[in-house]
Amino acid sequence: MAITALPVLADYDISPVTGFLPTEEPLQILPDPYFTLWEETFKCFNGLLLASRLRQRVQELPVLDATRLKTKAEQRRGYLILCMLSHAYVWGKHEVAAEVLPASLAVPWQKVADMLEMQPVLTHAAVVLWNWRLLYKDGSRDLNNLDTLGTLSGSSDESWFYLVTTAIEATGAPVLSKLVSAIQLVRDENVTGLIQELESIRDIIEEMVAVLRRMFERCDPYVFYWKVRPYLAGWENMAEAGLLNGVRYEGVDNGEYKKLAGGSAAQSSLIHALDVAFGVEHHSTGFRPNKPQANGGQTHPTNDNKTNNSYNDVVNGAAKSAPPEASGSGSTNFIKKMRFYMPGPHRNFLTHLTEVANIRPFVTSKAGATAKDRSAEIEKLISVYDACIHQIKSFRDVHIQMVTLYIVMQANRGPSISHGGFAPQPQAHKDKTEVANGHAGTVTTASSAEKSAQANGSGEVSTIKPAKKGSSILYPQNVIFGAPYGLAKKQEEGNDVVRGTGGTDLIPFLRQSRDETNETKIVPTSAISKRKHSFAGY
Ligand code: HEM
(Lines give C-alpha, C1' and ligand atoms only; values in the text may rest on other atoms or scores of the structure.)
Protein backbone atom coordinates (compact mmCIF):
# COMPACT_ATOMS: atom_id res chain seq x y z
CA MET A 1 0.00 0.00 0.00
CA ALA A 2 1.39 3.42 -0.97
CA ILE A 3 2.41 5.56 1.99
CA THR A 4 0.56 8.84 2.16
CA ALA A 5 2.90 11.77 1.60
CA LEU A 6 3.36 14.08 4.54
CA PRO A 7 1.63 17.47 4.35
CA VAL A 8 3.65 20.39 3.04
CA LEU A 9 2.65 23.40 5.13
CA ALA A 10 2.83 25.89 2.25
CA ASP A 11 0.20 23.86 0.35
CA TYR A 12 -2.28 24.71 3.11
CA ASP A 13 -1.62 28.39 3.58
CA ILE A 14 0.47 27.68 6.66
CA SER A 15 3.88 29.15 7.39
CA PRO A 16 6.55 27.24 9.34
CA VAL A 17 7.29 30.55 11.11
CA THR A 18 3.88 32.16 11.65
CA GLY A 19 1.70 29.05 11.49
CA PHE A 20 -1.93 29.79 10.74
CA LEU A 21 -1.27 33.53 10.98
CA PRO A 22 -0.41 35.19 7.68
CA THR A 23 3.30 35.88 7.24
CA GLU A 24 2.59 39.50 6.34
CA GLU A 25 0.59 41.82 8.57
CA PRO A 26 -3.11 41.81 7.62
CA LEU A 27 -4.11 44.77 5.42
CA GLN A 28 -5.18 47.84 7.36
CA ILE A 29 -7.12 49.25 4.45
CA LEU A 30 -8.42 47.85 1.18
CA PRO A 31 -6.30 49.33 -1.61
CA ASP A 32 -9.09 49.53 -4.19
CA PRO A 33 -10.99 52.85 -3.71
CA TYR A 34 -14.09 50.95 -4.87
CA PHE A 35 -14.34 49.72 -1.25
CA THR A 36 -14.02 53.16 0.38
CA LEU A 37 -17.58 53.00 1.66
CA TRP A 38 -16.85 49.78 3.55
CA GLU A 39 -13.69 51.24 5.02
CA GLU A 40 -15.41 54.46 6.06
CA THR A 41 -18.26 52.58 7.70
CA PHE A 42 -15.85 50.26 9.49
CA LYS A 43 -13.86 53.21 10.78
CA CYS A 44 -16.84 54.66 12.61
CA PHE A 45 -19.07 51.65 13.22
CA ASN A 46 -18.53 51.63 17.01
CA GLY A 47 -19.80 55.21 17.14
CA LEU A 48 -22.70 54.47 14.80
CA LEU A 49 -23.66 51.49 16.96
CA LEU A 50 -23.55 53.59 20.13
CA ALA A 51 -25.75 56.20 18.48
CA SER A 52 -28.14 53.48 17.20
CA ARG A 53 -27.44 54.57 13.64
CA LEU A 54 -25.50 51.62 12.30
CA ARG A 55 -28.53 49.83 10.87
CA GLN A 56 -29.62 52.90 8.98
CA ARG A 57 -26.12 53.37 7.60
CA VAL A 58 -25.89 49.75 6.47
CA GLN A 59 -29.26 49.96 4.75
CA GLU A 60 -27.96 52.90 2.74
CA LEU A 61 -24.85 51.05 1.55
CA PRO A 62 -24.79 49.78 -2.03
CA VAL A 63 -24.18 46.09 -2.75
CA LEU A 64 -20.50 46.00 -3.68
CA ASP A 65 -18.96 43.32 -5.84
CA ALA A 66 -16.68 41.23 -3.60
CA THR A 67 -15.03 39.57 -6.59
CA ARG A 68 -13.01 42.78 -6.85
CA LEU A 69 -11.11 41.60 -3.75
CA LYS A 70 -8.25 40.10 -5.71
CA THR A 71 -5.65 38.87 -3.25
CA LYS A 72 -6.03 36.63 -0.20
CA ALA A 73 -5.03 39.59 1.98
CA GLU A 74 -7.81 41.73 0.46
CA GLN A 75 -10.35 38.94 0.89
CA ARG A 76 -9.40 38.52 4.53
CA ARG A 77 -9.69 42.26 5.18
CA GLY A 78 -13.07 42.32 3.42
CA TYR A 79 -14.21 39.33 5.46
CA LEU A 80 -13.13 40.94 8.76
CA ILE A 81 -15.00 44.16 7.95
CA LEU A 82 -18.15 42.27 6.94
CA CYS A 83 -18.00 40.02 10.03
CA MET A 84 -17.81 42.98 12.40
CA LEU A 85 -20.41 45.12 10.62
CA SER A 86 -22.82 42.20 10.29
CA HIS A 87 -22.62 41.07 13.92
CA ALA A 88 -22.99 44.67 15.06
CA TYR A 89 -25.98 45.00 12.74
CA VAL A 90 -27.71 41.80 13.88
CA TRP A 91 -27.23 42.24 17.64
CA GLY A 92 -27.42 46.05 17.73
CA LYS A 93 -27.18 48.00 20.97
CA HIS A 94 -30.31 48.26 23.09
CA GLU A 95 -32.05 46.96 20.00
CA VAL A 96 -34.04 43.87 19.20
CA ALA A 97 -31.94 41.39 17.21
CA ALA A 98 -32.33 41.83 13.44
CA GLU A 99 -33.57 38.76 11.65
CA VAL A 100 -32.72 39.99 8.18
CA LEU A 101 -29.24 40.99 7.09
CA PRO A 102 -29.43 43.51 4.25
CA ALA A 103 -27.99 42.58 0.85
CA SER A 104 -25.32 45.29 1.22
CA LEU A 105 -23.63 43.05 3.80
CA ALA A 106 -25.11 39.63 3.07
CA VAL A 107 -24.25 39.35 -0.63
CA PRO A 108 -20.55 40.29 -0.47
CA TRP A 109 -20.13 38.43 2.85
CA GLN A 110 -21.33 35.18 1.30
CA LYS A 111 -19.15 35.79 -1.76
CA VAL A 112 -15.96 36.46 0.18
CA ALA A 113 -16.66 33.56 2.56
CA ASP A 114 -16.92 31.29 -0.51
CA MET A 115 -13.60 32.64 -1.77
CA LEU A 116 -11.98 31.76 1.56
CA GLU A 117 -13.91 28.45 1.83
CA MET A 118 -15.52 29.68 5.02
CA GLN A 119 -18.94 30.62 6.39
CA PRO A 120 -20.53 34.08 6.44
CA VAL A 121 -20.39 34.42 10.22
CA LEU A 122 -17.84 35.84 12.65
CA THR A 123 -15.04 33.32 13.19
CA HIS A 124 -11.75 32.84 15.04
CA ALA A 125 -9.96 33.42 11.72
CA ALA A 126 -11.57 36.85 11.29
CA VAL A 127 -11.01 38.27 14.76
CA VAL A 128 -7.77 36.50 15.72
CA LEU A 129 -5.83 35.41 12.62
CA TRP A 130 -6.60 38.45 10.44
CA ASN A 131 -7.23 41.22 12.95
CA TRP A 132 -3.79 42.39 14.13
CA ARG A 133 -0.98 44.77 13.31
CA LEU A 134 2.53 45.18 14.60
CA LEU A 135 3.24 48.27 16.68
CA TYR A 136 6.90 48.16 15.62
CA LYS A 137 7.34 46.66 12.18
CA ASP A 138 10.63 44.99 12.99
CA GLY A 139 9.27 43.52 16.23
CA SER A 140 7.79 40.10 16.88
CA ARG A 141 4.22 38.90 17.09
CA ASP A 142 3.96 38.98 20.83
CA LEU A 143 1.81 40.81 23.30
CA ASN A 144 4.10 43.79 23.66
CA ASN A 145 4.03 44.47 19.93
CA LEU A 146 0.46 43.74 18.81
CA ASP A 147 -2.67 45.82 18.29
CA THR A 148 -6.06 44.93 16.80
CA LEU A 149 -7.60 46.36 13.63
CA GLY A 150 -11.12 46.37 15.00
CA THR A 151 -13.32 45.45 17.94
CA LEU A 152 -17.08 45.26 18.34
CA SER A 153 -17.22 46.93 21.73
CA GLY A 154 -14.49 49.49 21.15
CA SER A 155 -12.78 48.30 24.34
CA SER A 156 -9.17 47.47 25.08
CA ASP A 157 -10.42 44.38 26.95
CA GLU A 158 -11.77 43.03 23.69
CA SER A 159 -8.48 43.85 21.95
CA TRP A 160 -6.60 41.94 24.65
CA PHE A 161 -8.99 38.99 24.34
CA TYR A 162 -8.19 38.69 20.63
CA LEU A 163 -4.50 39.51 20.95
CA VAL A 164 -3.77 36.90 23.62
CA THR A 165 -5.24 34.37 21.21
CA THR A 166 -3.23 35.80 18.31
CA ALA A 167 -0.11 35.56 20.46
CA ILE A 168 -0.91 31.92 21.27
CA GLU A 169 -1.15 31.24 17.52
CA ALA A 170 2.21 32.96 17.02
CA THR A 171 3.85 31.13 19.93
CA GLY A 172 2.54 27.77 18.79
CA ALA A 173 3.36 28.33 15.11
CA PRO A 174 6.74 26.50 15.09
CA VAL A 175 5.03 23.40 16.45
CA LEU A 176 3.41 22.66 13.09
CA SER A 177 6.56 21.79 11.15
CA LYS A 178 7.81 19.89 14.21
CA LEU A 179 4.67 17.75 14.26
CA VAL A 180 5.22 16.86 10.60
CA SER A 181 8.86 16.16 11.29
CA ALA A 182 7.97 13.95 14.30
CA ILE A 183 5.69 11.93 12.03
CA GLN A 184 8.58 11.46 9.59
CA LEU A 185 10.86 10.40 12.46
CA VAL A 186 8.32 7.76 13.43
CA ARG A 187 8.34 6.52 9.83
CA ASP A 188 12.13 6.34 10.04
CA GLU A 189 11.93 4.56 13.43
CA ASN A 190 14.33 7.23 14.68
CA VAL A 191 13.59 7.15 18.42
CA THR A 192 16.44 9.46 19.41
CA GLY A 193 15.37 12.11 16.91
CA LEU A 194 11.74 11.73 17.91
CA ILE A 195 12.56 12.29 21.58
CA GLN A 196 14.34 15.54 20.71
CA GLU A 197 11.49 16.74 18.52
CA LEU A 198 8.92 15.93 21.21
CA GLU A 199 10.99 17.76 23.81
CA SER A 200 10.91 20.90 21.79
CA ILE A 201 7.16 20.48 21.06
CA ARG A 202 6.56 20.10 24.81
CA ASP A 203 8.40 23.37 25.46
CA ILE A 204 6.39 25.22 22.83
CA ILE A 205 3.07 24.05 24.26
CA GLU A 206 4.28 25.12 27.70
CA GLU A 207 4.92 28.60 26.30
CA MET A 208 1.42 28.62 24.83
CA VAL A 209 0.02 27.91 28.29
CA ALA A 210 2.04 30.81 29.70
CA VAL A 211 0.56 33.16 27.08
CA LEU A 212 -2.96 31.87 27.77
CA ARG A 213 -2.55 32.79 31.44
CA ARG A 214 -1.93 36.38 30.41
CA MET A 215 -5.61 36.73 29.49
CA PHE A 216 -6.28 37.60 33.14
CA GLU A 217 -3.98 40.63 32.98
CA ARG A 218 -5.95 42.97 30.74
CA CYS A 219 -9.28 41.46 29.81
CA ASP A 220 -11.78 42.31 32.52
CA PRO A 221 -14.21 39.39 32.95
CA TYR A 222 -17.13 41.77 33.44
CA VAL A 223 -16.41 43.64 30.23
CA PHE A 224 -15.84 40.41 28.36
CA TYR A 225 -19.05 38.81 29.51
CA TRP A 226 -21.43 41.74 29.31
CA LYS A 227 -19.94 43.87 26.54
CA VAL A 228 -17.97 41.65 24.21
CA ARG A 229 -19.24 38.12 24.21
CA PRO A 230 -22.81 38.83 23.12
CA TYR A 231 -21.50 40.22 19.83
CA LEU A 232 -19.50 37.08 19.12
CA ALA A 233 -22.68 35.00 19.16
CA GLY A 234 -23.93 33.52 15.94
CA TRP A 235 -27.48 32.55 15.08
CA GLU A 236 -27.83 28.90 15.75
CA ASN A 237 -30.11 27.83 18.61
CA MET A 238 -30.98 31.47 19.12
CA ALA A 239 -34.74 31.13 19.17
CA GLU A 240 -34.98 32.84 22.52
CA ALA A 241 -32.88 35.71 21.30
CA GLY A 242 -35.61 36.26 18.73
CA LEU A 243 -33.79 34.43 15.94
CA LEU A 244 -35.97 31.35 15.81
CA ASN A 245 -34.80 30.30 12.37
CA GLY A 246 -31.45 32.04 12.35
CA VAL A 247 -30.81 35.03 10.09
CA ARG A 248 -32.04 35.62 6.55
CA TYR A 249 -29.31 36.80 4.23
CA GLU A 250 -31.02 39.12 1.78
CA GLY A 251 -30.04 38.32 -1.80
CA VAL A 252 -28.32 35.04 -0.84
CA ASP A 253 -29.79 31.57 -1.48
CA ASN A 254 -33.20 33.12 -2.21
CA GLY A 255 -33.13 34.84 1.16
CA GLU A 256 -33.19 31.56 3.07
CA TYR A 257 -32.46 31.52 6.79
CA LYS A 258 -28.99 30.46 7.89
CA LYS A 259 -28.20 29.01 11.29
CA LEU A 260 -24.54 29.45 12.00
CA ALA A 261 -22.57 29.25 15.26
CA GLY A 262 -20.60 32.28 16.37
CA GLY A 263 -16.91 32.92 16.91
CA SER A 264 -14.95 30.63 19.22
CA ALA A 265 -11.29 29.83 19.75
CA ALA A 266 -12.50 26.23 19.53
CA GLN A 267 -12.06 27.02 15.81
CA SER A 268 -8.30 27.35 16.30
CA SER A 269 -6.65 24.92 13.89
CA LEU A 270 -3.57 24.99 16.10
CA ILE A 271 -5.26 23.25 19.02
CA HIS A 272 -6.93 20.80 16.62
CA ALA A 273 -3.53 20.03 15.06
CA LEU A 274 -2.06 19.16 18.45
CA ASP A 275 -4.97 16.87 19.25
CA VAL A 276 -4.77 15.16 15.87
CA ALA A 277 -1.00 14.69 15.90
CA PHE A 278 -0.97 13.26 19.42
CA GLY A 279 -4.05 11.11 18.95
CA VAL A 280 -6.26 12.94 21.47
CA GLU A 281 -9.84 11.94 20.76
CA HIS A 282 -12.93 13.90 21.69
CA HIS A 283 -16.47 12.62 21.92
CA SER A 284 -19.90 14.02 22.64
CA THR A 285 -20.30 15.19 26.21
CA GLY A 286 -21.18 12.23 28.40
CA PHE A 287 -19.91 9.67 25.88
CA ARG A 288 -16.60 8.27 27.12
CA PRO A 289 -15.63 5.14 25.19
CA ASN A 290 -11.96 5.49 26.11
CA LYS A 291 -12.38 6.28 29.78
CA PRO A 292 -9.87 4.32 31.84
CA GLN A 293 -11.45 1.62 33.96
CA ALA A 294 -11.69 1.79 37.73
CA ASN A 295 -8.61 -0.42 38.11
CA GLY A 296 -6.53 2.25 36.44
CA GLY A 297 -6.13 0.23 33.27
CA GLN A 298 -5.75 2.22 30.06
CA THR A 299 -8.44 1.54 27.50
CA HIS A 300 -7.46 4.17 24.99
CA PRO A 301 -7.16 2.48 21.62
CA THR A 302 -3.61 1.61 20.81
CA ASN A 303 -3.95 0.62 17.19
CA ASP A 304 -3.74 2.84 14.13
CA ASN A 305 -5.73 5.89 15.10
CA LYS A 306 -7.23 6.28 11.65
CA THR A 307 -10.16 4.08 12.47
CA ASN A 308 -10.68 5.55 15.90
CA ASN A 309 -9.70 9.14 15.42
CA SER A 310 -12.87 11.02 16.01
CA TYR A 311 -11.87 13.75 13.62
CA ASN A 312 -12.27 11.53 10.60
CA ASP A 313 -15.99 11.40 10.37
CA VAL A 314 -16.43 15.14 10.35
CA VAL A 315 -13.62 15.76 7.94
CA ASN A 316 -14.54 13.11 5.50
CA GLY A 317 -18.22 13.59 5.95
CA ALA A 318 -20.76 16.27 5.46
CA ALA A 319 -19.10 18.89 7.64
CA LYS A 320 -16.85 19.92 4.80
CA SER A 321 -19.64 21.45 2.84
CA ALA A 322 -22.85 21.28 4.79
CA PRO A 323 -23.94 23.16 7.88
CA PRO A 324 -23.22 21.56 11.26
CA GLU A 325 -26.77 20.32 11.69
CA ALA A 326 -26.28 18.12 8.67
CA SER A 327 -23.47 16.25 10.35
CA GLY A 328 -25.59 15.19 13.28
CA SER A 329 -25.68 17.75 16.03
CA GLY A 330 -26.66 15.39 18.82
CA SER A 331 -24.05 12.73 18.38
CA THR A 332 -21.17 14.58 16.87
CA ASN A 333 -18.66 16.31 19.05
CA PHE A 334 -18.70 20.10 19.27
CA ILE A 335 -14.95 20.38 18.81
CA LYS A 336 -15.07 18.50 15.52
CA LYS A 337 -17.89 20.67 14.27
CA MET A 338 -15.79 23.74 14.72
CA ARG A 339 -13.79 22.74 11.66
CA PHE A 340 -16.70 23.85 9.54
CA TYR A 341 -15.80 27.42 10.51
CA MET A 342 -12.09 27.27 9.71
CA PRO A 343 -10.55 28.60 6.50
CA GLY A 344 -10.69 25.83 3.89
CA PRO A 345 -6.93 25.25 3.54
CA HIS A 346 -6.48 24.95 7.32
CA ARG A 347 -9.35 22.50 7.53
CA ASN A 348 -7.79 20.48 4.70
CA PHE A 349 -4.46 20.44 6.51
CA LEU A 350 -6.14 18.81 9.51
CA THR A 351 -7.65 16.18 7.21
CA HIS A 352 -4.22 15.40 5.80
CA LEU A 353 -2.62 15.40 9.26
CA THR A 354 -5.26 12.93 10.45
CA GLU A 355 -4.34 10.56 7.64
CA VAL A 356 -0.68 10.47 8.60
CA ALA A 357 -0.79 10.88 12.41
CA ASN A 358 1.24 8.01 13.83
CA ILE A 359 2.96 9.24 17.00
CA ARG A 360 0.67 7.68 19.57
CA PRO A 361 0.44 4.25 17.93
CA PHE A 362 4.24 4.24 17.62
CA VAL A 363 4.89 5.17 21.25
CA THR A 364 2.26 2.69 22.39
CA SER A 365 3.78 -0.12 20.37
CA LYS A 366 7.24 0.67 21.73
CA ALA A 367 5.87 0.79 25.27
CA GLY A 368 5.05 -2.92 25.05
CA ALA A 369 3.05 -4.73 27.64
CA THR A 370 5.11 -4.20 30.78
CA ALA A 371 7.45 -1.52 32.04
CA LYS A 372 10.22 -3.95 32.98
CA ASP A 373 10.87 -4.87 29.33
CA ARG A 374 11.49 -1.27 28.25
CA SER A 375 14.88 0.20 27.50
CA ALA A 376 15.91 3.52 29.06
CA GLU A 377 15.40 5.21 25.70
CA ILE A 378 11.86 3.92 25.37
CA GLU A 379 11.13 5.05 28.92
CA LYS A 380 12.33 8.49 27.88
CA LEU A 381 10.16 8.41 24.77
CA ILE A 382 7.06 7.55 26.79
CA SER A 383 7.86 10.20 29.33
CA VAL A 384 8.31 12.99 26.76
CA TYR A 385 5.20 11.93 24.83
CA ASP A 386 3.25 12.05 28.10
CA ALA A 387 4.81 15.43 28.89
CA CYS A 388 3.45 16.81 25.59
CA ILE A 389 0.00 15.47 26.46
CA HIS A 390 0.37 16.92 29.93
CA GLN A 391 1.00 20.38 28.48
CA ILE A 392 -2.10 20.16 26.27
CA LYS A 393 -4.00 19.09 29.36
CA SER A 394 -2.54 22.05 31.31
CA PHE A 395 -3.72 24.35 28.55
CA ARG A 396 -7.22 22.99 29.06
CA ASP A 397 -6.92 23.30 32.86
CA VAL A 398 -6.13 27.00 32.59
CA HIS A 399 -8.86 27.40 30.00
CA ILE A 400 -11.45 25.88 32.36
CA GLN A 401 -10.43 28.33 35.07
CA MET A 402 -10.81 31.10 32.54
CA VAL A 403 -14.27 30.05 31.44
CA THR A 404 -15.32 29.75 35.07
CA LEU A 405 -14.20 33.29 35.81
CA TYR A 406 -15.17 34.93 32.51
CA ILE A 407 -18.51 33.24 31.97
CA VAL A 408 -19.93 31.21 34.84
CA MET A 409 -19.11 33.67 37.61
CA GLN A 410 -20.09 36.74 35.59
CA ALA A 411 -23.41 35.20 34.65
CA ASN A 412 -24.11 34.41 38.28
CA ARG A 413 -23.18 37.83 39.53
CA GLY A 414 -25.27 39.68 36.99
CA PRO A 415 -24.59 43.12 35.55
CA SER A 416 -23.76 46.01 37.85
CA ILE A 417 -26.11 48.32 36.01
CA SER A 418 -28.96 47.22 33.87
CA HIS A 419 -27.81 48.28 30.47
CA GLY A 420 -25.58 45.44 29.42
CA GLY A 421 -25.85 46.37 25.81
CA PHE A 422 -29.01 44.61 24.76
CA ALA A 423 -32.71 45.19 24.82
CA PRO A 424 -34.49 43.96 27.98
CA GLN A 425 -36.73 40.92 27.56
CA PRO A 426 -39.42 39.53 29.83
CA GLN A 427 -38.23 37.04 32.45
CA ALA A 428 -39.16 33.48 31.69
CA HIS A 429 -38.86 32.26 35.28
CA LYS A 430 -39.30 34.11 38.49
CA ASP A 431 -36.65 34.06 41.16
CA LYS A 432 -34.20 32.06 39.13
CA THR A 433 -30.60 32.66 38.36
CA GLU A 434 -29.87 32.48 34.70
CA VAL A 435 -26.52 31.32 33.58
CA ALA A 436 -25.14 31.82 30.15
CA ASN A 437 -23.10 29.26 28.38
CA GLY A 438 -20.69 29.16 25.49
CA HIS A 439 -19.43 31.89 23.24
CA ALA A 440 -22.67 31.69 21.44
CA GLY A 441 -24.22 31.12 24.78
CA THR A 442 -26.95 29.22 26.46
CA VAL A 443 -28.87 29.97 29.57
CA THR A 444 -30.57 27.73 31.99
CA THR A 445 -32.04 28.30 35.36
CA ALA A 446 -30.50 27.58 38.71
CA SER A 447 -31.89 27.68 42.18
CA SER A 448 -31.70 30.95 44.05
CA ALA A 449 -30.64 29.15 47.21
CA GLU A 450 -27.57 30.60 48.86
CA LYS A 451 -24.56 28.95 47.31
CA SER A 452 -21.13 30.32 46.91
CA ALA A 453 -18.90 30.03 43.93
CA GLN A 454 -15.85 28.12 45.00
CA ALA A 455 -12.95 26.78 43.10
CA ASN A 456 -11.95 23.18 43.54
CA GLY A 457 -8.45 21.84 43.01
CA SER A 458 -8.48 22.69 39.33
CA GLY A 459 -10.16 26.02 39.77
CA GLU A 460 -13.60 24.94 38.69
CA VAL A 461 -16.80 26.21 40.15
CA SER A 462 -18.57 23.62 42.19
CA THR A 463 -21.48 25.69 43.42
CA ILE A 464 -23.01 28.91 42.24
CA LYS A 465 -23.84 32.23 43.84
CA PRO A 466 -27.37 33.51 43.75
CA ALA A 467 -27.99 36.22 41.21
CA LYS A 468 -29.01 39.66 42.31
CA LYS A 469 -32.67 40.25 41.84
CA GLY A 470 -33.32 41.72 38.43
CA SER A 471 -29.88 40.81 37.22
CA SER A 472 -31.11 38.74 34.36
CA ILE A 473 -33.03 41.28 32.42
CA LEU A 474 -30.45 41.58 29.72
CA TYR A 475 -30.47 40.13 26.32
CA PRO A 476 -29.29 37.85 24.87
CA GLN A 477 -27.27 36.77 27.87
CA ASN A 478 -30.27 35.67 29.84
CA VAL A 479 -31.93 33.71 27.11
CA ILE A 480 -29.34 32.35 24.80
CA PHE A 481 -30.40 28.78 25.09
CA GLY A 482 -29.47 25.65 23.31
CA ALA A 483 -25.83 26.70 23.20
CA PRO A 484 -23.83 25.51 20.33
CA TYR A 485 -24.92 21.95 19.76
CA GLY A 486 -26.75 21.65 23.01
CA LEU A 487 -23.87 22.14 25.37
CA ALA A 488 -26.32 23.08 28.06
CA LYS A 489 -29.71 21.89 28.97
CA LYS A 490 -32.36 23.54 31.02
CA GLN A 491 -32.32 22.54 34.62
CA GLU A 492 -35.46 20.82 35.72
CA GLU A 493 -38.00 22.94 37.52
CA GLY A 494 -37.48 22.82 41.26
CA ASN A 495 -34.11 21.17 40.99
CA ASP A 496 -31.92 22.84 43.54
CA VAL A 497 -28.68 21.27 42.40
CA VAL A 498 -26.48 23.51 40.35
CA ARG A 499 -25.33 20.65 38.17
CA GLY A 500 -27.17 21.06 34.90
CA THR A 501 -27.24 24.83 34.68
CA GLY A 502 -25.80 26.44 31.61
CA GLY A 503 -22.57 27.23 33.34
CA THR A 504 -22.14 23.83 34.84
CA ASP A 505 -23.15 22.11 31.62
CA LEU A 506 -20.44 24.05 29.93
CA ILE A 507 -17.84 23.05 32.47
CA PRO A 508 -18.49 19.30 32.09
CA PHE A 509 -17.97 19.68 28.34
CA LEU A 510 -14.64 21.39 28.89
CA ARG A 511 -13.69 19.01 31.68
CA GLN A 512 -14.37 16.04 29.46
CA SER A 513 -12.19 17.57 26.77
CA ARG A 514 -9.45 18.01 29.40
CA ASP A 515 -9.90 14.48 30.74
CA GLU A 516 -9.89 12.97 27.25
CA THR A 517 -6.56 14.70 26.79
CA ASN A 518 -5.19 13.35 30.03
CA GLU A 519 -6.37 9.85 29.23
CA THR A 520 -4.24 9.86 26.10
CA LYS A 521 -1.13 9.53 28.27
CA ILE A 522 0.62 6.20 28.03
CA VAL A 523 1.20 6.17 31.78
CA PRO A 524 -2.06 7.38 33.33
CA THR A 525 -2.08 10.17 35.92
CA SER A 526 -4.93 11.89 37.68
CA ALA A 527 -6.64 14.65 35.71
CA ILE A 528 -6.88 16.93 38.73
CA SER A 529 -3.60 18.51 39.60
CA LYS A 530 -2.56 18.61 43.24
CA ARG A 531 -1.84 22.30 42.96
CA LYS A 532 -4.48 24.53 44.52
CA HIS A 533 -5.43 27.50 42.39
CA SER A 534 -7.46 30.44 43.44
CA PHE A 535 -8.90 33.06 41.18
CA ALA A 536 -7.07 35.69 43.14
CA GLY A 537 -3.92 34.24 41.65
CA TYR A 538 -5.01 35.22 38.17
C1 HEM B 1 -11.72 34.85 28.23
C2 HEM B 1 -11.21 33.86 27.53
C3 HEM B 1 -12.00 32.68 27.00
C4 HEM B 1 -13.25 32.29 27.25
C5 HEM B 1 -14.28 32.95 28.14
C6 HEM B 1 -13.49 31.10 26.49
C7 HEM B 1 -14.68 30.40 26.46
C8 HEM B 1 -14.88 29.22 25.81
C9 HEM B 1 -16.12 28.52 25.75
C10 HEM B 1 -17.41 29.01 26.37
C11 HEM B 1 -15.93 27.39 25.06
C12 HEM B 1 -16.98 26.33 24.76
C13 HEM B 1 -17.32 26.30 23.34
C14 HEM B 1 -17.91 27.57 22.83
O15 HEM B 1 -18.97 27.98 23.29
O16 HEM B 1 -17.28 28.15 21.95
C17 HEM B 1 -14.55 27.36 24.66
C18 HEM B 1 -13.97 26.36 23.95
C19 HEM B 1 -12.67 26.38 23.55
N20 HEM B 1 -11.79 27.42 23.69
FE21 HEM B 1 -12.06 29.07 24.75
N22 HEM B 1 -12.36 30.77 25.81
C23 HEM B 1 -11.43 31.72 26.09
C24 HEM B 1 -10.16 31.80 25.57
C25 HEM B 1 -9.62 30.86 24.75
C26 HEM B 1 -8.31 30.97 24.18
C27 HEM B 1 -7.35 32.15 24.35
C28 HEM B 1 -8.09 29.85 23.47
C29 HEM B 1 -6.84 29.56 22.70
C30 HEM B 1 -6.80 29.03 21.52
C31 HEM B 1 -9.28 29.02 23.60
C32 HEM B 1 -9.47 27.79 23.02
C33 HEM B 1 -10.61 27.04 23.13
C34 HEM B 1 -10.73 25.70 22.60
C35 HEM B 1 -9.64 24.94 21.88
C36 HEM B 1 -12.02 25.29 22.88
C37 HEM B 1 -12.65 23.93 22.56
C38 HEM B 1 -12.65 23.06 23.80
C39 HEM B 1 -11.38 22.27 23.96
O40 HEM B 1 -10.67 22.05 22.96
O41 HEM B 1 -11.08 21.85 25.09
N42 HEM B 1 -10.18 29.70 24.37
N43 HEM B 1 -13.94 28.50 25.12
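Our structure's up above, just so we're on the same page.
Just so you know, these numbers come straight off a predicted model, no measurement behind them.

J.: Help me understand helix α11 (residues 221-232), please; the structure alone is not making it clear to me.
T.: Across the 12 residues of α11, 10 count as buried, placing the element largely inside the fold. Turning to α11, its buried residues are Pro221, Phe224, Tyr225, Trp226, Lys227, Val228, Arg229, Pro230, Tyr231 and Leu232. Buried residues along α11 sit against α4 (72-91), α7 (156-172) and α18 (376-413).

J.: Where do I start with the environment of Trp160 in this structure?
T.: Here Trp160 shows up in helix α7. We classify Trp160 as buried; it has 24 C-beta atoms within 10 Å.

J.: Mind showing me how you'd approach the packing of α4 against helix α5 (residues 103-115) here?
T.: The geometry of a pair of packed helices is captured by two quantities: the angle between their axes and the separation between those axes. Following both chains from N to C, one finds α4 and α5 inclined at 140 degrees, their axes separated by 9 Å at the closest point. Classified by the interaxial angle, the pair formed by α4 and α5 is oblique. Pair α4 / α5 crosses with left-handed handedness. Between α4 and α5, the contacting residues are Gln75, Gly78, Tyr79, Leu82, Leu85, Ser86 and Tyr89 on the first element and Leu105, Pro108, Trp109, Val112, Ala113 and Met115 on the second. Tallied by class, the residues present in the contact of α4 with α5 amount to 10 nonpolar, three polar and no charged.

J.: Help me understand the sheet that holds strand β4 (residues 247-249) in this model?
T.: What holds strands together in a sheet is hydrogen bonding between their backbones, with the strands either parallel or antiparallel. If you trace the three strands from one edge of the open sheet to the other, you get β1-β4-β5, paired in mixed fashion. Every interior strand has two partners, whereas the edge strands, β1 (100-101) and β5 (257-258), have only one.

J.: Sorry if this is basic, but what is going on with unusual backbone geometry here?
T.: Most peptide bonds adopt trans geometry, and most residues besides glycine take a negative phi value. At Ser52, a position not held by glycine, the phi torsion is positive, near 55 degrees. Of note, Asp253 is a non-glycine position whose phi angle comes to about 45 degrees, a positive value. Among the secondary structure elements, Asp253 is positioned in the loop between β4 and β5.

J.: Sorry if this is basic, but what is going on with the nonpolar core here?
T.: Across soluble globular proteins, nonpolar side chains have a tendency to be buried as a group. Leu85, Ala88 and Ile359 are the most contacted members of the largest nonpolar core, which has 138 residues in total. Residues in contact with Ile359, not counting those within four places in the same chain, are Ala182, Ile183, Val186, Ala277, Phe278, Gly279 and Tyr385.

Calculation criteria
- Residues numbered from 1 in each chain as written.
- Predicted model: local features only at pLDDT ≥ 70, side-chain atom pairs only at ≥ 80, totals over all residues.
- Buried ≥ 20, exposed ≤ 12 C-beta atoms within 10 Å, placed from the backbone.
- Helix = DSSP H or I, 4+ residues; strand = E, 2+ residues; numbered from the N terminus.
- Contact = placed C-beta atoms within 7 Å.
- Axes fitted to C-alpha atoms, helices over the stretch in contact; angles between N-to-C directions.
- Parallel < 35°, antiparallel > 145°, perpendicular 65-115°, else oblique.
- Left-handed = near helix turned anticlockwise from the far one by under 90°.
- Nonpolar A, V, L, I, M, F, W, Y, C, P; charged D, E, K, R; others polar.
- Pairing = 2+ DSSP bridges.
- Core = buried A, V, L, I, M, F, W, Y, C linked by C-beta atoms within 7 Å.

Note that all results are geometric; they support no functional claim without further evidence.
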